[in-house]
Amino acid sequence: QVQLVESGGGLVQPGGSLRLSCAVSGSSFSFIVMGWYRQAPGKERDLVATITRSGFTRYGDSVKGRFTVSQDLINNTWYLQMNSLKPEDTAVYYCYANVRSVDYWGQGTQVTVSS
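Counting restarts for each chain: residues are numbered from 1 in the order of the written sequence. A pLDDT threshold of at least 70 governs which residues receive local features in this predicted model, and a stricter bar of 80 or more applies before side-chain atom pairs are shown or counted, although totals over entire chains, interfaces and linings include all residues. Water and hydrogen atoms were dropped before computing side-chain values, which therefore reflect all heavy atoms in the structure.

As a further point, take the overall build of the chain. Only DSSP runs of H or I reaching four residues or more are called helices, and only runs of E reaching two or more are called strands; each is numbered from the N terminus. Counting its secondary structure elements, the chain contains zero helices and 11 strands. Listed N to C, the secondary structure of the chain is β-β-β-β-β-β-β-β-β-β-β in terms of helices and strands. Atoms counted for the radius of gyration: C-alpha only. Globule rule: 2.2 Å times residue count to the power 0.38. Relative to the globule expectation of 13 Å for 115 residues, the C-alpha radius of gyration of the chain, 13 Å, shows essentially globular dimensions. Viewed in the frame of its principal axes, the chain has a C-alpha envelope of about 40 × 25 × 25 Å. The cut-offs for exposure are 20% and 50% of the maximum accessible area for each residue type, with area from a 1.4 Å probe on protein chains only; residues under the lower value are buried, those over the upper are exposed, and the others partly exposed. Among the 115 residues that make up the chain, the fraction classed as buried is 43%. When checking whether two residues touch, look at their non-hydrogen atoms; a contact exists if any pair is within 4.5 Å. Looking at the chain alone, contacts between residues at least 24 apart form 51% of all its contacts between residues at least 6 apart. When charges are counted, neither His nor the chain ends are considered; positive counts come from Lys and Arg and negative counts from Asp and Glu. Charged groups are reduced to one reference atom each: NZ for lysine, CZ for arginine, CG for aspartic acid, CD for glutamic acid. The chain carries 10 positive and 8 negative side-chain charges, and their two centres are separated by 4 Å.

Printed below as a string of structure tokens:
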């Protein structure tokens, strides 16, 4: 059984920084795509950032230049470094992975940006 577990969410003031981590357990296969999505109340789940095993990254327009996705392939872990946080970044953040055309999701971690 594959499980993805996020950590690092919390409350931060506007302009602050936060780093999210996602660790996988229960499998030894290699994910093709890893990354992060987020969902604010009443809104759709949107792309934050993804990264392929080769290191190709993609970012949502609203976070480009502020967020950075990275991976540690040896430890099956990936990260989201969030800088210059804005109130509109407030959402539940879900780590994500895909392999063999199957999507895997973490349980979500709350990020709240407020003064």
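Here the focus is the pairing of strand β3 (residues 18–25). Remember that side chains alternate between the two faces of the sheet whenever the strand is regular. Think of it this way: DSSP has to see at least two bridges between two strands before they count as a pair. As paired strands, strand β1 (residues 3–7) and β3 are joined by five bridges and run antiparallel to one another. Note on β3: the bridge partner recorded for L4 is V24.

A pair of Phe, Tyr and Trp rings is counted when the ring centres sit within 6.5 Å of each other, with Trp represented by its six-membered ring. The angle between the planes then sorts it: under 30 degrees is stacked, over 60 is edge-to-face, the rest tilted. In total, this model carries five aromatic pairs according to the counting rule given. Centre to centre, the rings of Y96 and W105 are 5.0 Å apart; their planes meet at 50 degrees, and the pair counts as tilted. Through pairs of rings, three or more aromatic residues link up here, namely F31, W78 and Y104. In this scheme, Lys NZ or Arg CZ marks a charge over a ring once it lies within 6 Å of the ring centre and within 35 degrees of the ring normal. The residue whose ring lies beneath R45 is Y94, and the NZ or CZ to ring-centre distance is 3.7 Å. A cation over an aromatic ring shows up here: R45 above the ring of W105, its NZ or CZ 4.7 Å from the ring centre.

Turning next to the nonpolar core. Throughout this description, the term nonpolar core refers to a set of buried Ala, Val, Leu, Ile, Met, Phe, Trp, Tyr and Cys residues connected via side-chain atoms within 4.5 Å. Within the largest apolar cluster, 29 residues are counted, with the highest numbers of intra-cluster contacts made by L4, F31, W36, W78, L80, M82 and Y93. Once residues lying within four places of it in the same chain are set aside, the contact partners of F31 are V2, L4, V24, R53, W78, A97, N98, V99 and Y104.

Here we take up the pairing of strand β5 (residues 46–52). With five of seven residues buried, β5 lies mostly within the body of the structure. Here strand β4 (residues 33–39) runs beside β5; their pairing, made up of six bridges, is antiparallel. Each residue of the ladder has a partner; that of M34, found in β5, is I51. What sits between β4 and β5 in their antiparallel hairpin is a turn of six residues, with G42 showing a positive phi close to 75 degrees. Where β5 meets strand β6 (residues 57–59), three bridges bridge the pair, whose relative direction is antiparallel. The partner of T50 across the bridge, within β6, is R58. In sequence, β5 turns back onto β6 through a hairpin of four residues, with G55 there showing a positive phi of about 100 degrees.

Counted as a void, the largest pocket has a volume near 240 Å³. Taken together, 16 residues make up the lining of the largest pocket; nearest its centre are R38, K43, D46, S62 and E88. Going through the elements one at a time, β4 and β5 are the ones with two or more residues in the lining of the largest pocket. Residue classes follow a fixed rule: Ala, Val, Leu, Ile, Met, Phe, Trp, Tyr, Cys and Pro count as nonpolar, while Asp, Glu, Lys and Arg count as charged, and any other residue, Gly among them, counts as polar. Here the residues of the lining of the largest pocket sort into three nonpolar, four polar and nine charged. Only protein atoms enter the 1 Å grid, on which a cavity is a set of points fitting a 1.4 Å probe that cannot get out and a pocket is an open set with protein on both sides within 12 Å along at least 5 of 7 lines, lining residues being those with an atom within 4 Å of a point. Grid points are joined across faces, edges and corners, and a volume is the space filled by probe spheres set on the points.

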